[in-house]
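The residues making up each chain are set out below.
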Amino acid sequence: MATTSSKFTEKTPLERIFGPDGWLARNHPRYEYRPGQLEMAEEVEAALEHRRHLIIEAGTGTGKTMAYLVPMIRSGRRVVISTGTKNLQEQLFYKDIPFLQKLYPKLSVTLMKGRQNYLCRQKLYDIEAQPVLDGLEEMDHYARIRRWERHSETGDRAELDSLPDSSTLWSRIDARSETCTGQKCNQFERCFITWMHQRAAESDILIVNHHLFFADLALKQMEYASLLPEYAAIVFDEAHEMEDVATKYFGIQVSNYRIEELARDTEATLRLKAIEGPATRVAVGDLRQRAERFFELFPQGDRRAPFDNRQSFLEVNRGHYSGLLNALVRLETEFGALRDRPEEINNLARRAAELRQAFQTVLESCDRNYVFWWERRGRGVFVEASPIDVSGILQKILFSEVETVVLTSATLAVGANFDFLKRRLGIQNGKERILDSHFNYTQQALLYTPVHLPDPRDAGFACRAAEEVVEILKATQGRAFVLFTSYSQMRDVYERVRTRLRYKMLLQGTAPRTALLDKFRRTPHSVLFATSSFWQGVDVQGQQLSAVIIDRLPFAVPTDPVVAARIRQINEDGGSAFNEYQIPEAVIALKQGFGRLIRSENDRGVLAILDRRLVRMAYGQLFLDSLPTYGRTNRLEDVKAFMQKC
């Protein structure tokens, strides 16, 4: 593991940093003493000293980032901080770390993102010599990138404020690994990825996100070169997201998009390297045709479905499948036949071989530890193999290999324990701690649970729910998130409500997520109708958000292929999937949704859930026991009275 540094090992009591008269009190402009923050810092430091794992739930407002950053810095070991989002990554790197460097001026930190976030200099220079830019706007974007590249130290796209998200130019010049030639590239020494790795090797702290971390862990499992240097400890912030992200990166996916990217990159490479290769171009055309015929075999319309009938699918469609594999083999062969081929061609040949092997895995493998499924989404068709249970993988290559792993979030516990999290992630030993928030939830928030509505599964629920939403929004004067577990329910209730009130109604899907949130913040009394993507990672402080209304308990869709496979596996092993998986998963999702409301000591508002099962079913008590101690009522009159005081 990483060597220990002596730069930060002089220890002063953490009280002198986090206490009422400590360093933070003297230096942080918005300091307030939070006993939970000091307790968390002490727990993290103890975990590091004893080289043990730690699971710690710390409510909103605890000041988690400072509470884990300071002990990690003081440990003197190289540590990784993994966040749920790039936004939190950037907050840590550009805000929290510079502040702490006043206390620890020798601290060295590297921000690491996925390779697609960085510019490839070689691709940029190749394009300059070729007439491949599309229109005046793209030529202008290229000129701006070229000027920026000359002085940028990171090559991070986030520095390019002037490049719109819709630009197609970036995907042709980014540093994704599929097109990288590594040390054989002429720009290797000046490569932004090389520079990032060099900085990381010399850093005390690496700030990554879960996607990058698990992509790296998956590479290690396959014994490929690691993206990250050795480290002795890791913090997972927003650790409740770990299972989903790990499932993605330890799985295998093929798609029509991957075929098209290979075809497009081949054509671009032949053009940029001035390679004639007529047979290779014919092979690319054949691959496109074969792939189109193969993916047309999957039913039309957006859907996500299990692929349990792979054997019969292949029996009926063996010709199309074999034709696709043969087209990939043919392309590999044509790459090998090119004389004096540059390294970029060898890279493409490797990709073609890997893609062929991936098709064979997702179509032919009989591994019972994986669930096989397909999805049609817009123009894309995706066929995947996902691990049903990642706990064994993580226990073997993460928790058994790293001295200290800290899992933290505001939403980890179900009831008063971490049993669900430990089962799903494979963490067997470690200290466990739940810290109370310093918010006064009883006074700041009212939980409204109307019991007069029909069961959410009843046909008449949407109509009655819309009536209830209208009455709640009248009481709160808009200023609400109305959150749903399905798009169809969201659109149904939105249409029933939107003409009934004078407030601005915003609907997910009508504009980009960030644009909708900006408009919500700027528009007084507005109401946002949204689904699961708004249940977490959204921070709206103050009176602009005074209510969060949730239509039903957020149970995962039981017909989803991955969810269904996990339910089946637990039941077949003699467990109760409903109690051991579905309920705990829904509890954490509900905690995330309600967590949007109270973000500071000054926030007040109403939390409403329109699902009577919360109070009428026995399992509802577990949901209630897992939530903070909100005030509670089932009377709309109490909601109106509460809001009048806000």
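Scroll up a little and you will see the structure.
This write-up is about the structure you can find in this document. (Residues numbered from 1 in each chain as written. Predicted model: local features only at pLDDT ≥ 70, side-chain atom pairs only at ≥ 80, totals over all residues. Heavy atoms only, no water.)

## Re the side chain of Asn117
Right, so step 1: Tracing the sequence through the fold places Asn117 in the loop between β3 (109-111) and α6 (121-128).
Right, so step 2: Note on Asn117: relative accessible area 11%, which makes it buried.
Right, so step 3: A polar contact of 2.9 Å, which involves the side chain of Asn117, links it to the side chain of Lys86. (Helix = DSSP H or I, 4+ residues; strand = E, 2+ residues; numbered from the N terminus. Buried < 20%, exposed > 50% of the residue type's maximum accessible area, 1.4 Å probe, protein only. Polar contact = N/O pair within 3.5 Å; in protein donor to acceptor, adjacent residues only side chain to side chain.)

## Focus: helix α3 (residues 35-49)
Right, so step 1: Between its first and last C-alpha atoms α3 spans 21 Å; for 15 residues at 1.5 Å apiece the expected length is 21 Å, and the two agree.
Right, so step 2: Among the 15 residues that make up α3, eleven are buried, leaving the element largely enclosed by the rest of the structure.
Right, so step 3: For α3, the set of buried residues is Gly36, Gln37, Leu38, Met40, Ala41, Glu43, Val44, Glu45, Ala46, Ala47 and Leu48.
Right, so step 4: At the exit of α3 stands Arg51, carrying a positive phi of roughly 50°. (Expected span 1.5 Å × (residues − 1).)

## A few points about the sheet that holds strand β4 (residues 205-209)
The strands that make up a sheet pair up through hydrogen bonds in the backbone, lying either parallel or antiparallel.
Right, so step 1: The strand order across the open sheet formed by seven strands is β3-β4-β2-β5-β10-β1-β11, and the pairing between neighbours is parallel. Looking at strand neighbours, the two that pair on one side only are β3 and β11 (431-435), the edges of this open sheet. Going from strand to strand, the sheet's axes swing by 15° on average, the running direction of each strand aside.
Right, so step 2: As paired elements, strand β2 (residues 79-83) and strand β5 (residues 233-237) share four bridges and run parallel to each other. Considered in β5, the bridge of Ile81 is made with Val235. (Pairing = 2+ DSSP bridges. Axes fitted to C-alpha atoms, helices over the stretch in contact; angles between N-to-C directions.)

## Some words on the pattern of salt bridges
Right, so step 1: Applying the stated criterion across every chain, the model contains 43 salt bridges.
Right, so step 2: A salt bridge links Lys184 to Glu343, with the nearest nitrogen and oxygen atoms 3.2 Å apart. In this pair, Lys184 is assigned in the loop between α8 (170-173) and α9 (192-201) and Glu343 in helix α15 (residues 343-364), connecting sequence segments 159 residues apart.
Right, so step 3: Linked through salt bridges whose partners overlap, the residues forming this network are Lys123, Asp174, Arg176, Asp265 and Arg351. (Salt bridge = Lys/Arg side-chain N within 4 Å of Asp/Glu carboxyl O.)

## Quick notes on the pairing of strand β10 (residues 404-409)
Right, so step 1: With six of six residues buried, β10 lies mostly within the body of the structure.
Right, so step 2: What you see with β10 is no split at all: Thr404, Val406 and Thr408 on one side and Val405, Leu407 and Ser409 on the other are buried throughout.
Right, so step 3: Where strand β1 (residues 54-58) and β10 come together, four bridges link them in parallel fashion. Looking across to β10, one finds that Ile55 is bridged to Leu407.
Right, so step 4: Pairing of β5 with β10, which is carried by five bridges, proceeds in the parallel orientation. Its bridge partner lying in β10, Phe236 is registered against Leu407.

## Here we look at the layout of surface pockets
Right, so step 1: By volume, the second largest pocket amounts to about 580 Å³.
Right, so step 2: Contributing to the lining of the second largest pocket are 23 residues, with Cys366, Asp367, Arg368, Tyr370 and Phe372 lying nearest its centre.
Right, so step 3: Listed by contribution, the elements that provide at least two residues to the lining of the second largest pocket are α14 (310-337), α15, β8 (370-377) and α22 (561-572).
Right, so step 4: For the lining of the second largest pocket, the element with the most residues is α14, which contributes five residues. (1 Å grid on protein atoms, 1.4 Å probe; cavity = no way out; pocket = protein on both sides within 12 Å on 5 of 7 lines; lining within 4 Å. Points joined across faces, edges and corners; volume = space filled by probe spheres on them.)

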